[in-house]
Amino acid sequence: MTTAVTTAGPKIAPVPPEPPPAEPNYLNVSYSLWSWLTTVDHKRIGLLYLISISVFFVAGGVAAGVVRLNLLSPDGAFVNEDTYNRAFTGHGVLMLFFFLIPAVPGVLGNFLIPMMIGAKDLAFPKLNLASWYVFMVGAGFGVWALLAGGIDTGWTLYPPYSSRSSTSNVIPGVFGVFISGFSSIMTGLNIMVTVHKMRAPGMTWGRLPLFVWSLYATSLIQLLGTPVVAITTVLLMVERVAGIGIFDPMIGGDPVLFQHLFWFYSHPAVYIMILPGMGVISEVLTCFSRKNIFGYHAVAWSSMGIAVVGFLLWAHHMFVAGISFYSALLFSFLSMLVAVPSAIKVFNWTGTLYRGSITFQAPMLFGLGFVVLFVIGGLTGLFLATLGTDIHLHDTYFVVAHFHFVMVGGMVLGYMAGIHFWWPKMFGVMYSDWWSRVAAAIIIVGFFLTFVPQFVLGYHGMPRRYPNYPAEFQVYNVMSTAGASILGLGYLLPAFYLPLSLVFGKKAGANPWSATGLEWVSPSPPPLFNFDEANMPVVVCGPYEYALGVDQLGRGLPPGPGLGEANDPASKSEAPAAPGPMKKETEVVG
């Protein structure tokens, strides 16, 4: 009997399967630098704005650091008086014209408006790309002016100093502001036309998200106000170059005319900065309190009210400039009036939070910080709108603190809330939850420590923009500089954990926050044209149907932060078993 002997050969490891190809989206459709610089995709253009304004934010923060370090000593601890003047001017120009004004409209507005209304892109894609290039050209002139000697006039550029006496780079700086204004006009026009003409079927005006309402109101201000400051800057350059008497009283001009023209734009520009932040907060608070927005129509129309009334109160910056008593009285009343629509928003945000199922992710922390700091900024503004107190507080550090409570405590925190809220949608990844909460807490604490001492300084009469001050003010300036260092640390943290999330972050689902807007219907990151072309969205619900647990298409929401089971309307006896048009009585708005 023979036995067959078999020898087993070496085992061959199975070939691992090829990883599935990445789903096509706006990020991976092409990778070349040229494809980014020539893109007409609104999402990519939003990211171009994000990169650009982040650079200007850092540069403006460095200039602010120079100012605060110098004020550690009553006699100036760091730089001489001339350099100090150029530092605070650089801080103002960079932060206002090249960060705050384009931040939310340029980044979040570009990225989100078409998705929120169910469109494939903005109405004028090429104009959108042109707006970024125009912005960069203007910023290039402004940055060159600041680096090649600087500007020492202050960001308000008041003549006759700016038109006759200053030896700094006034012309290239003013020209940069002039050019960047056209970018603002282009963006505003694009957003307004898109909202009017490109809404998805069923997306009525009463179903628009409040973020869209706020950007629409902002665009109205950009279209009507920006041409005025453009004309003003041209007149200033003409006077400086040609010596024609427009604003300089030595050659027959009127410096108060410049203030009227400048503030006719620059006070509404405050609402260009803050209204988009208000829209972000309306989206964030309702999502993380899991409640329908309280008073949708009041919040929506208050945005339009702010945009209209904001054009009527520019001269409250001029109470000590020689305007008549009756003019000052009228503008004081109008300055009080604009607080009404702002207060309506705060009241409705508070009503939304009341008895909500609140969770405290980073967007919500930034949103709550916005509400608190904005309220403080608004209340302190009443002292500046009152004639008697403004005479004492005008051009003191009280004005600096008030402005920063509204712009930094308000607008920058609103921008941070929006970036953290929509980051998973923009890039398809989640950032560190713990570090983002820590950053929010540090920023809010650092902000209070920086600017509350400045209210005290202003009340006691310390003028803004002065490099020297009496020794008794030193303790408050040291406190403010210490707070600024904490604030800077808070801003530094997102610069680490947000980029790191692109490499190490967990993949985000289409709707990680269980939100209701149309932008959360698309995958994360979105495809090139936002939605599946064969299945474009048809809106059947209002924008904030958290009570029903459905999105704007009538579909159940996935589980989100702090939630258990998915909000599946098919599992509820009172809800329809399949997506479709909702009964009118189930709609909160629309």
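Placed above this text is the structure.
**Student:** For this particular structure, what's the right way to read the overall build of the chain?
**Tutor:** From N to C terminus, the chain includes 17 helices and zero strands. At 26 Å, the chain has a C-alpha radius of gyration in line with the 25 Å of a compact globule built from 590 residues. The dimensions of the chain, computed from C-alpha atoms along their principal axes, are 120 × 65 × 45 Å. Buried residues in the chain amount to 56% of all 590 residues. Taking the intrachain contacts of the chain between residues at least 6 apart in sequence as the baseline, contacts between residues at least 24 apart amount to 80%. For the chain, the exposed surface amounts to about 24,300 Å²; the carbon and sulfur share of it is 71%. In the chain, which carries 26 positive and 26 negative side-chain charges, the distance between the mean positions of the two groups comes to 6 Å.

**Student:** How should I be thinking about the packing of aromatic side chains in this particular structure?
**Tutor:** Tallied over the full model, the rule gives 46 aromatic pairs. A centroid spacing of 5.5 Å and a plane angle of 75° characterise the contact between Y26 and F111, whose relative ring orientation is edge-to-face. With a gap of 85 residues between them, Y26 in the segment before α1 (33–37) and F111 in helix α3 (residues 81–117) connect regions that are remote in the sequence. Accessibility expressed as a relative area gives 0% for F111, which makes it buried. Ring geometry for Y49 and F135: centres 5.6 Å apart, planes at 40°, overall tilted. Of the two residues, Y49 is situated in helix α2 (residues 42–70) and F135 in helix α4 (residues 125–147); the sequence distance between them amounts to 86 residues. Its relative accessible area of 2% is what places F135 among the buried residues. Three or more aromatic residues joined by ring pairs make a cluster, and in this case those are F97, W155, Y158, F247, F258, F262 and W263.

**Student:** Explain the nonpolar core here, please?
**Tutor:** For soluble globular proteins, the rule of thumb is that nonpolar side chains tend to be buried together. In this structure, L108, F211, Y415, W422 and M426 are the most contacted members of the largest nonpolar core, which totals 155 residues. Those residues in contact with M426 that sit more than four places away from it in its chain are Y26, L27, L47, L50, V107, L108, F111 and P525. Counting residues in each nonpolar core, the second largest holds 12 residues, with V67, L71, Y84 and M462 among its members.

**Student:** In this structure, what is going on with the side chain of S302? I would like to understand it.
**Tutor:** Within the secondary structure, S302 is located in helix α9 (residues 296–309). On the accessibility criterion, S302 (4% relative accessible area) is buried. A polar side-chain atom of S302 sits 2.7 Å from the main-chain carbonyl oxygen of V299.

**Student:** I keep staring at the packing of α3 against helix α7 (residues 210–242) and nothing clicks. Help me out?
**Tutor:** When two helices pack together, their arrangement is given by the angle between the helix axes and by the axis-to-axis distance. One can describe the packing of α3 onto α7 by two numbers: an axis separation of 10 Å at closest approach and a directional angle of 130°. Overall, the two elements α3 and α7 adopt an arrangement that is oblique. As α3 packs across α7, the resulting crossing turns out to be left-handed. Contacts between α3 and α7 involve V104, P105, L108, G109, L112, I113, M116 and I117 from the former and F211, V212, L215, T218 and Q222 from the latter. Among the residues forming the contact of α3 with α7, the class breakdown is 10 nonpolar, three polar and no charged.

**Student:** Mind showing me how you'd approach helix α10 (residues 325–337) here?
**Tutor:** An α-helical turn contains 3.6 residues, so any two residues separated by three or four positions project in the same direction. If you check α10, its first and last C-alpha atoms are 18 Å apart, about what 13 residues at 1.5 Å a residue would give, namely 18 Å. Taken together, the buried positions of α10 are A328, F331, S332, L334 and S335. Mapping the buried residues of α10 onto a view down its axis gives an arc of 165°, with all of them on the same face. The outward face of α10, more than 90 degrees from its buried face, is lined by the exposed residues Y326 and F333. Tucked inside the fold, the buried residues of α10 contact α9, α11 (339–353), α12 (362–385) and α13 (387–393).

**Student:** Explain the side chain of S163 here, please?
**Tutor:** Tracing the sequence through the fold places S163 in helix α5 (residues 161–165). Take S163: its relative accessible area is 6%, and that puts it in the buried class. Look past the residues within four positions of S163 in its chain and what remains in contact with it is L236, E239, R240 and D248.

**Student:** Help me out: how do you make sense of a nonpolar patch on the surface in this one?
**Tutor:** A contiguous nonpolar patch, built from L489, L492, F496, L500, L502, V503 and F504 and spanning about 750 Å² of accessible area, is present on the exposed surface. Those elements giving two or more residues to the nonpolar patch turn out to be α16 (474–492) and α17 (494–504). Ranked by residue count, the leading element in the nonpolar patch is α17, at five residues. Owing to a relative accessible area of 46%, L500 belongs among the partly exposed residues under this scheme.

**Student:** When you look at the packing of α12 against helix α15 (residues 433–459) in this model, what are you seeing that I'm missing?
**Tutor:** One way to put it is that α12 packs onto α15 with a least axis distance of 9 Å and a crossing angle of 15°. As the angle between them shows, α12 and α15 are arranged roughly parallel. Classified by chirality, the crossing of α15 by α12 is left-handed. Residue-level inspection shows A362, L365, F366, G369, V372, L373, I376 and T380 of α12 in contact with α15, the latter providing S436, R437, A440, I443, I444, F447, F448 and F455. Grouping the amino acids of the contact of α12 with α15 by side-chain chemistry returns 12 nonpolar, three polar and one charged.

**Student:** Would you take a moment to explain the pattern of salt bridges for this structure?
**Tutor:** Here the idea is simple: oppositely charged side chains can pair when their charged atoms come close. For the structure on display, the rule yields six salt bridges. Residues K43 and D41 are paired through a salt bridge, measuring 3.0 Å at the closest nitrogen-oxygen approach. The closest approach of N and O atoms between R555 and D551, which form a salt bridge, is 3.3 Å. Under the relative-accessibility criterion, R555 is labelled partly exposed at 35%.

**Student:** Sorry, what's going on with α3 here?
**Tutor:** A rise of 1.5 Å per residue sets the reference length of α3, with its 37 residues, at 54 Å; its end C-alpha atoms lie 51 Å apart and thus fit the reference within 8%. The largest bend along α3 measures about 60° and falls at P102. Counting buried positions along α3 yields 32 of 37 residues, so the element is predominantly enclosed. Measuring from the backbone nitrogen of D82 back to the side-chain oxygen at the start of α3 gives 3.3 Å, which picks out N80 as the cap. Remark: G118 follows α3 within two positions and exhibits a positive phi of approximately 80°.

What counts, and at which threshold
Residues numbered from 1 in each chain as written. Predicted model: local features only at pLDDT ≥ 70, side-chain atom pairs only at ≥ 80, totals over all residues. Heavy atoms only, no water. Helix = DSSP H or I, 4+ residues; strand = E, 2+ residues; numbered from the N terminus. Rg over C-alpha atoms; globule rule 2.2 N^0.38 Å. Buried < 20%, exposed > 50% of the residue type's maximum accessible area, 1.4 Å probe, protein only. Contact = heavy atoms within 4.5 Å. Areas by Shrake-Rupley, 256 points an atom, 1.4 Å probe, with all protein chains shown as cover. Lys, Arg positive; Asp, Glu negative; His and termini not counted. Charge placed at Lys NZ, Arg CZ, Asp CG, Glu CD. Phe/Tyr/Trp six-rings, centres within 6.5 Å; stacked < 30°, edge-to-face > 60°. Core = buried A, V, L, I, M, F, W, Y, C linked by side-chain atoms within 4.5 Å. Polar contact = N/O pair within 3.5 Å; in protein donor to acceptor, adjacent residues only side chain to side chain. Axes fitted to C-alpha atoms, helices over the stretch in contact; angles between N-to-C directions. Parallel < 35°, antiparallel > 145°, perpendicular 65-115°, else oblique. Left-handed = near helix turned anticlockwise from the far one by under 90°. Nonpolar A, V, L, I, M, F, W, Y, C, P; charged D, E, K, R; others polar. Expected span 1.5 Å × (residues − 1). Arc of directions from axis to C-beta. Patch = residues over 30% accessible without salt bridge, like charges linked within 9 Å, V, L, I, M, F, W, Y side chains within 5 Å. Salt bridge = Lys/Arg side-chain N within 4 Å of Asp/Glu carboxyl O. Bend = angle between axes of the 7 residues up to and from the residue.

Any link to function would need more than the numbers given here.
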